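If you want the building blocks of each chain, they are given just below.
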Amino acid sequence: MAFVRQQFTASMRFFHWLMAVLVLAMLCIGVAMVASLGDYHILVSIHRPIGILILILVVIRFVNRCFSTLPPFPPTMSPQERHIAHLSELLMYTLLFVQPLVGWGMLSAARYPIVMWGSLHLFPILPRSVMLYAVLRETHTILAYLLFLAIVAHFGAVLFHTLVVRDRLLNRMVPWKARAN
Amino acid sequence: MASDPTPSTEKQQPQQSPLSASSKLTRLGVIGVVLLCVVGTFLYFGGWFSPHKLTPSRFVDGFQKVYGFHSGFRRNHAKGVCVTGFFVGNGQGMRLSKAVVFRAGRVPVIGRFSLGGGDPYVSDSPDQVRGLGLQFSLPDGEKWRTAMIDFPVFPFHTPQDFYENLLASQPDPNTHKLDPQKLAAFATSHPEFVQAIKIIQSRPPASGFDNSAFYGLNAFRFTNGAGQSKFVRWALMPVQPYAPASGSPQGDKNYLFDGLIASIHQHPLQWHLIVTVGQPGDPTDDASLMWPEGREQVDVGTLTLDSVQSEETSPARDINFDPLVLPDGIAPSDDPLLSARSAVYSQSFTRRAGEKKLPSAITPADVQK
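Remember, it's a predicted structure, so these values are computed and weren't measured experimentally.

Visitor: Hey, could you run me through the overall build of chain B in this one?
Guide: Helix and strand counts for chain B come out as seven helices and ten strands. For 369 residues, the compact-globule estimate of 2.2 N^0.38 gives 21 Å, and the C-alpha radius of gyration of chain B, at 26 Å, exceeds that figure by more than 25%. If you line up chain B on its principal axes, its C-alpha atoms span 95 × 60 × 45 Å. For chain B, the proportion of its 369 residues judged to be buried stands at 41%. Intrachain contacts of chain B at a sequence separation of at least 6 include 76% that bridge at least 24 residues.

Visitor: Help me understand the overall build of chain A, please; the structure alone is not making it clear to me.
Guide: Each helix and strand in chain A was counted, giving four helices and two strands. Counted from the first residue to the last, chain A has its helices and strands arranged as α-α-α-β-β-α. C-alpha extents for chain A along the principal axes are approximately 60 × 30 × 30 Å. With 181 residues in all, chain A has 26% of them scored as buried. For chain A, contacts bridging at least 24 residues in sequence account for 66% of all contacts bridging at least 6.

Visitor: I'm lost on the environment of tryptophan 144 of chain B in this one. Help?
Guide: All names here are of chain B. If you trace the backbone, tryptophan 144 turns up in strand β4 (residues 143-149). According to the C-beta neighbour criterion, tryptophan 144 is buried, with 23 such atoms within 10 Å. Between the C-alpha atom of tryptophan 144 and that of phenylalanine 102, which follows or precedes it by 42 residues, the distance is 11 Å. Those residues within four positions of tryptophan 144 in sequence are excluded, and the remaining contacts are Ala99, Val101, Phe136, Leu138, Val325, Leu326, Pro327 and Ile330.

Visitor: Any chance you could explain helix α2 (residues 56-67) of chain B here in plain terms?
Guide: Every α-helix winds through 3.6 residues per turn, so residues three or four apart in the chain are directed the same way. Relative to the 16 Å expected for twelve residues at 1.5 Å per residue, α2 of chain B spans 17 Å between its end C-alpha atoms, a close match to the ideal helical length. Taken together, the buried residues of α2 of chain B touch α1 (10-34) and α2 (40-66) of chain A together with α3 (159-168) and α7 (336-353) of chain B. Glycine 68 of chain B lies just past α2 of chain B and shows a positive phi near 85°.

Visitor: Honestly, the interface of chain B and chain A in this entry has me stumped. Any pointers?
Guide: By a widely used convention, the size of an interface equals the accessible area lost when the partners come together. Chain B puts 48 residues into the contact, and the matching count from chain A is 43 residues. Elements with a minimum of two residues in the side of chain B that touches chain A: α1 (21-45) and α7 of chain B. Considering every element that reaches the side of chain B that touches chain A, the biggest residue donor is α1 of chain B, with eleven residues. Taken together, the residues of the side of chain B that touches chain A break down into 26 nonpolar, twelve polar and ten charged.

Visitor: Could you clarify how one ought to interpret helix α4 (residues 130-165) of chain A in this entry?
Guide: With 36 residues, α4 of chain A should cover 52 Å at 1.5 Å per step; its first-to-last C-alpha distance of 51 Å lies within 8% of that length. Taken residue by residue, α4 of chain A has Val130, Tyr133, Ala134, Leu136, Arg137, Ala144, Leu147 and Phe148 of chain A as its buried positions. Buried residues in α4 of chain A make contact with α1 and α3 (79-110) of chain A together with α1 and α7 of chain B. Of the residues flanking the end of α4 of chain A, it is arginine 166 of chain A, one or two places downstream, whose phi is positive at about 55°.

Visitor: Explanation requested: the confidence of the model for chain A in the structure shown.
Guide: Low-pLDDT stretches of the model should not have their predicted coordinates read in fine detail. Averaged over every residue, the pLDDT of chain A is 95; the share at 70 or more is 98%. Here strand β1 (residues 114-117) of chain A stands out as the element of chain A with the lowest mean pLDDT, 94, in contrast to α2 of chain A, whose mean of 98 is the highest.

Visitor: I would appreciate a short explanation of the confidence of the model for chain B in the present structure.
Guide: Residue and element names in this part refer to chain B. Here chain B shows a mean pLDDT of 94. Residues at 70 or above account for 96%. A low-confidence stretch, residues 1-12 (pLDDT under 50), is modelled with 14 contacts involving residues beyond four sequence positions or located in other chains. Among the prediction metrics, the complex's ipTM stands at 0.93, with pTM recorded as 0.93.

Visitor: Help me understand the pairing of strand β3 (residues 130-137) of chain B in this model?
Guide: Every other side chain in a regular strand lies on the same face of the sheet, so the side chains alternate between the two faces. Residues and elements named next belong to chain B. Within β3, seven of the eight residues are buried, leaving the element largely enclosed by the surrounding structure. Inspection of the sheet shows strand β2 (residues 105-115) paired to β3 by seven bridges, in the antiparallel sense. Residue pairing in the sheet places serine 114 in a bridge with glycine 131 of β3. Direction of pairing for β3 relative to β4: antiparallel, over a ladder of seven bridges. What sits directly across from glycine 131, in β4, is isoleucine 149. From the end of β3 to the start of β4, which pair antiparallel, there are five residues, and glycine 141 there has a positive phi angle of about 95°.

Conventions adopted
- Residues numbered from 1 in each chain as written.
- Chains lettered and ligands numbered in written order.
- Predicted model: local features only at pLDDT ≥ 70, side-chain atom pairs only at ≥ 80, totals over all residues.
- Helix = DSSP H or I, 4+ residues; strand = E, 2+ residues; numbered from the N terminus.
- Rg over C-alpha atoms; globule rule 2.2 N^0.38 Å.
- Buried ≥ 20, exposed ≤ 12 C-beta atoms within 10 Å, placed from the backbone.
- Contact = placed C-beta atoms within 7 Å.
- Expected span 1.5 Å × (residues − 1).
- Nonpolar A, V, L, I, M, F, W, Y, C, P; charged D, E, K, R; others polar.
- pLDDT = per-residue confidence, 0-100.
- Pairing = 2+ DSSP bridges.

Rendered as structure tokens:
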């Protein structure tokens, strides 16, 4: 009998949980900093480099995913559900890639220095235009809420499968080696 | 994206006894609670459960409430004119900060002179606070921005104080008069404000922008190449001789700006950048207090401004002179005003960036004079 993977590869699980922590932290930092006077500077100072870190990680993660063998969907998932799962994965990859780029782009359009650490800063990727900045700044907020909703929906679906359908869907992604069924 | 491999055989799940209706409902309830907690945490961080907390957005709303809405203009220091020039460092600052700007040499500078308040068409008067925002473009691509005013101390210790005073100084919508009771109440509850105003009023304002001194107000931390840190404050001291203001002339509502334009057309204007080095114990978190006399002062270079432009024709209109855009070697102090200034300036910038730009009081024709 051919070997059938029960779990995502160790590297895929590593990237998943690392990015889960980083992205949730970033979403909280993002909404907190725009509502804060006293903590604004410290939060925005860590928001920029973590955003770029996420951009780098999502590219590596995507390449890694393309070259990895994936575990099959559990038989409890209908074709429709599988289709939705595919689309939501695509949506999240897209958001994780586009959101940091929009952040970088909006700072570029406003000609803010894009400071990473010390004197290390990034080059601008868009021409100077405050109107462009305004549009991208708004986009950054909308994408952040969209990303948050996508994560909540993803989390809810996994919980539903794990607790109600009881098909051990979560085992595919847990950081440790899950028992075979 | 790679497609999922189709398994040759699908392992049958071991048969599980079906969940009872109540058990299923409980489990769904648990999922609901978990998701609500996640959403609640996110909203908590976003300040949704503290509707009265002073946020950058509410601060800027305060300016709009007091001064009205003026499309495309800064919410404070709305009336202004832009300048360019250069800064020549003499190298003396290098022992205090490794920032490239303090090396001997010349860096380009762009800036903006302004009057305090959110009315872009206000008539000039001697007692209004004067602002100077500057951006130094360093050769390694770093930027240093600073926003200074002609007061040696800031009248408010915290952002909250500033905001309360802003609202207290809102004229009555019917009589257009200030409410002396509100202002007096603020002064009574803020003795540091009264003290700071005394210091500010101890010297009459200068006759023009060109002979005004401009102060960075907040303390910053300088770190030199050897890793030693010191707290400092900085100020621009004019080379143009001081003369006290003598009331505002009748008939020219832009007399301060017109004076600046005439002066800069006659000769380049210059200021010495003076860094005052703090001693342990000097207040670094309170811009309303002077540092004691006799602190070491270092002249680190000379700023020259030799060209003036209207806001419509200068990129300075679209620069946010955020005092926390700092090069390596200059860091913020623990002054709560600094982060708040950065946050509120950013909010003001974001709002005006997307708005239709109305003509400035000082037009391109005015600066040609």
